Amino acid sequence: MRVLIISQHFPPEKSGNASRIFDMSSHLQKLGVNVTVLAPHPSFPSGSFKRKWSISESKKVNGVNLINLLSWQPNNENPGFVGRMAYYLSFPLHTIIWILLNSRKFDVIITSAPPIFTGFGGIPAKFLFKKKWVMDVRDLWINASISLGSRAYEQICYSNANMICVTTEELGQDIVRTYKNIDESKIKVTPNGVDTDFFYPVDLPKKNQIVYAGNIGHAQDLEDVILAMKKVNEQFDLKFLVVGNGDIKGHLEKVTKENKLTDYVEFPGLLPREEIPMLLSESLMGVAPLKKLKTLEYAIPTKAYEYMACGIPFVGCGKGEIRKLAETSGGGVIAENSPEDIAEAILRLLESPKKRAEMGKMGRIFVEENVSRQQIAANLKLNLDRISSPGKTKVQVEGVSFAESQ
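I will try to describe carefully the structure that is included in this document.

The rules behind these values
- Residues numbered from 1 in each chain as written.
- Predicted model: local features only at pLDDT ≥ 70, side-chain atom pairs only at ≥ 80, totals over all residues.
- Heavy atoms only, no water.
- Helix = DSSP H or I, 4+ residues; strand = E, 2+ residues; numbered from the N terminus.
- Rg over C-alpha atoms; globule rule 2.2 N^0.38 Å.
- Buried < 20%, exposed > 50% of the residue type's maximum accessible area, 1.4 Å probe, protein only.
- Contact = heavy atoms within 4.5 Å.
- Areas by Shrake-Rupley, 256 points an atom, 1.4 Å probe, with all protein chains shown as cover.
- Pairing = 2+ DSSP bridges.
- Axes fitted to C-alpha atoms, helices over the stretch in contact; angles between N-to-C directions.
- Phe/Tyr/Trp six-rings, centres within 6.5 Å; stacked < 30°, edge-to-face > 60°.
- Lys NZ or Arg CZ within 6 Å of the ring centre and 35° of its normal.
- Parallel < 35°, antiparallel > 145°, perpendicular 65-115°, else oblique.
- Left-handed = near helix turned anticlockwise from the far one by under 90°.
- Nonpolar A, V, L, I, M, F, W, Y, C, P; charged D, E, K, R; others polar.
- Patch = residues over 30% accessible without salt bridge, like charges linked within 9 Å, V, L, I, M, F, W, Y side chains within 5 Å.
- Salt bridge = Lys/Arg side-chain N within 4 Å of Asp/Glu carboxyl O.
- Core = buried A, V, L, I, M, F, W, Y, C linked by side-chain atoms within 4.5 Å.
- Right-handed = clockwise from strand over helix to strand, strands pointing away.

Re the overall build of the protein chain
So, point 1. Broken down by element type, the protein chain carries 13 helices and 14 strands.
So, point 2. Relative to a compact globule of 406 residues, whose C-alpha radius of gyration would be 22 Å, the protein chain shows 21 Å and is just as compact.
So, point 3. Counting across all 406 residues of the protein chain, residues that qualify as buried make up 55%.
So, point 4. Across the protein chain, contacts joining residues at least 24 apart in sequence account for 73% of those joining residues at least 6 apart.
So, point 5. Accessible surface, the protein chain: about 17800 Å² in total, of which carbon and sulfur atoms supply 54%.

Dropping the structure here:
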């Protein structure tokens, strides 16, 4: 099987989806699939890579055929609306040209969203060349838009895709509720998961610190966690490390200074991916604080899986899938979205080292048995086989049966 994956992000970019697409493509390749990835020249975070003007560059990455296509590359951290739209639109338009010229080089196309525009390539692949089309949907980015034109475009994509991969059951249900006449049998739960060979408990002494490692964006309730540190440090001498970058990092640094919490809260910035398992392993716990919004009930932050894979418990906020993950795995606890409740949850875990250790072990076992990216890729391959050969008998993969849900 020859599979083409279109993704806005791929290493050396450090976004969560860059590593996810890298793992997906690498594991599919190891399972005998001939994988080609189309991605723009590296440009995220904006301004951190030199601009490239070559139309395309090809190379092998871990056995995968990677083709970087020319697209607009914003050259500063805040490129503004025009710069962002040029970045989001130029790449998918270039993928259409590539597909028109190379349609014989693949059998199945996977378009990963957000951004929604990556789906542009699926339309000619499906309608002109009769390729099987898989929509890989990680986020309801479109819900932030009120554009009827965007809704109509998404309706066309969902209606014509042969398979819709979603990260959680709630995300799939939301698509069915929002769009008309979507065949539920096309929806397959394909979690973000975690590479359990890369993220694992490293035998290091614990430091008096808790950690957030990921995108510092509007969906995360990090401000309440920062404010919670005042109460936490009335009893414990503890650091809160906010590792990463994002739109609200500057605002959070300002909140930290205004509340005189700079002794308790640090912003190390982006760290090399290779350092993250050690950072997590030497921390007492991680935080995964989603805001209490209806539109986020479908979400499970990948960082929660990474904390559990490294054997530390997590304190989460939010409703829906993240609460379900904490309860099902035993590897996390959920606090209400307020500094007081978050502080209480952190303090309860700090006061019980034995409970923290037990939760860490339970979390590790859960991700090994349910959401390792190796298993997720194996299950995805089975589903790709089915849409390529509809009459094929259903096969069960041990450890990933939950991802068969429709």
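Let's pick the thread back up.
Focus: the sheet that holds strand β4 (residues 64–69)
So, point 1. One open sheet accounts for eight strands, arranged β3-β4-β2-β1-β5-β6-β7-β8; its pairing is mixed. With one partner strand each, in any of the chains shown, β3 (56–61) and β8 (187–189) form the two edges of the open sheet. With direction set aside, neighbouring strand axes in the sheet form an average angle of 20°.
So, point 2. By the bridge criterion, five bridges tie strand β1 (residues 2–6) to strand β2 (residues 34–40) in an arrangement that is parallel. Looking at the pairing, I5 lines up with V37 of β2.
So, point 3. Each of β1, β5 (108–113), β6 (132–137), β7 (163–166) and β8 touches helix α13 (residues 373–388); the most contacted strand, β7, lies at about 165° to it.

A look at the sheet that holds strand β13 (residues 314–317)
So, point 1. One open sheet holds the six strands; their spatial order is β11-β10-β9-β12-β13-β14, and the pairing between them is parallel. Looking at which strands have only one partner, the edges of the open sheet turn out to be β11 (265–269) and β14 (332–335). Across this sheet, the average inter-strand angle for adjacent strands is 25°, counted without regard to direction.
So, point 2. Pairing geometry for strand β12 (residues 285–289) and β13, over four bridges, is parallel. Across the sheet, A288 pairs through a bridge with G316, a residue of β13.
So, point 3. On the sheet, helix α6 (residues 222–232) packs against β9 (209–213), β10 (239–243), β11 and β12 and is oriented at approximately 160° with respect to β10.
So, point 4. Here helix α11 (residues 339–350) sits on the sheet in contact with β9, β12, β13 and β14, set at roughly 155° to β14.

What about the packing of aromatic side chains?
So, point 1. The full count for this structure, using the stated rule, is seven aromatic pairs.
So, point 2. A connected cluster of aromatic rings, assembled from ring pairs, spans F117, F120 and Y153.
So, point 3. The lysine or arginine in question, R51, covers the ring of W72, its NZ or CZ lying 4.1 Å from the ring centre.
So, point 4. Directly above the aromatic system of F198 lies the positively charged group of R273, at a separation of 4.2 Å from the ring centroid.

Considerations on the packing of α6 against α11
So, point 1. Running from N to C, α6 and α11 point in directions that differ by 55°, and their axes come no closer than 8 Å. When the interaxial angle is binned, α6 and α11 end up oblique. For the pair α6 and α11, the crossing hand works out as right-handed. For the pair α6 and α11, contact is made by D224, V225, L227, A228, K231 and V232 and by P339, E340, I342, A343, E344, I346, L347 and L350, respectively.
So, point 2. When grouped by side-chain class, the residues that make up the contact of α6 with α11 number ten nonpolar, no polar and four charged.

What about a nonpolar patch on the surface?
So, point 1. Residues I97, L100, L101 and L128 make up a contiguous nonpolar surface patch of about 430 Å² in total accessible area.
So, point 2. Looking at the element boundaries, L128 is found in the loop between α3 (122–127) and β6.
So, point 3. The exposed category is assigned to L128, whose relative accessible area is 56%.

So, unusual backbone geometry
So, point 1. The residue after P11, namely P12, is reached through a cis peptide bond having omega 20°.
So, point 2. On the secondary structure map, P12 appears in the loop between β1 and α1 (16–30).
So, point 3. Here P114 and P115 are connected by a cis peptide whose omega angle stands at 0°.
So, point 4. Relative to the elements of secondary structure, P115 occurs in the loop between β5 and α3.
So, point 5. With phi around 60°, K130 is a residue other than glycine that occupies positive phi space.
So, point 6. In this structure, K130 sits in the loop between α3 and β6.
So, point 7. Phi at K260 is positive, roughly 55°, even though this residue is not glycine.
So, point 8. Here K260 shows up in the loop between α7 (249–258) and β11.

Description of the nonpolar core
So, point 1. Counting 93 residues, the largest nonpolar core has I164, F240, L280 and F314 as the members making the most contacts within it.
So, point 2. Tallying contributions element by element places α11 first for this core, with seven residues.
So, point 3. Sequence-distant contacts of I164, defined by excluding residues within four places in its chain, comprise M135, V137, Y158, I175, I182, K186, I187 and K188.
So, point 4. Residues F10, V35, V108 and L384 belong to the second largest nonpolar core, which totals 21 residues.

Some remarks on the pairing of β14
So, point 1. With four bridges connecting them, β13 and β14 associate as parallel partners. Residue V315 lies in a different strand from β14, and its bridge partner there is V333.
So, point 2. Read from β13 through helix α10 (residues 321–329) to β14, the crossover connection turns out right-handed.

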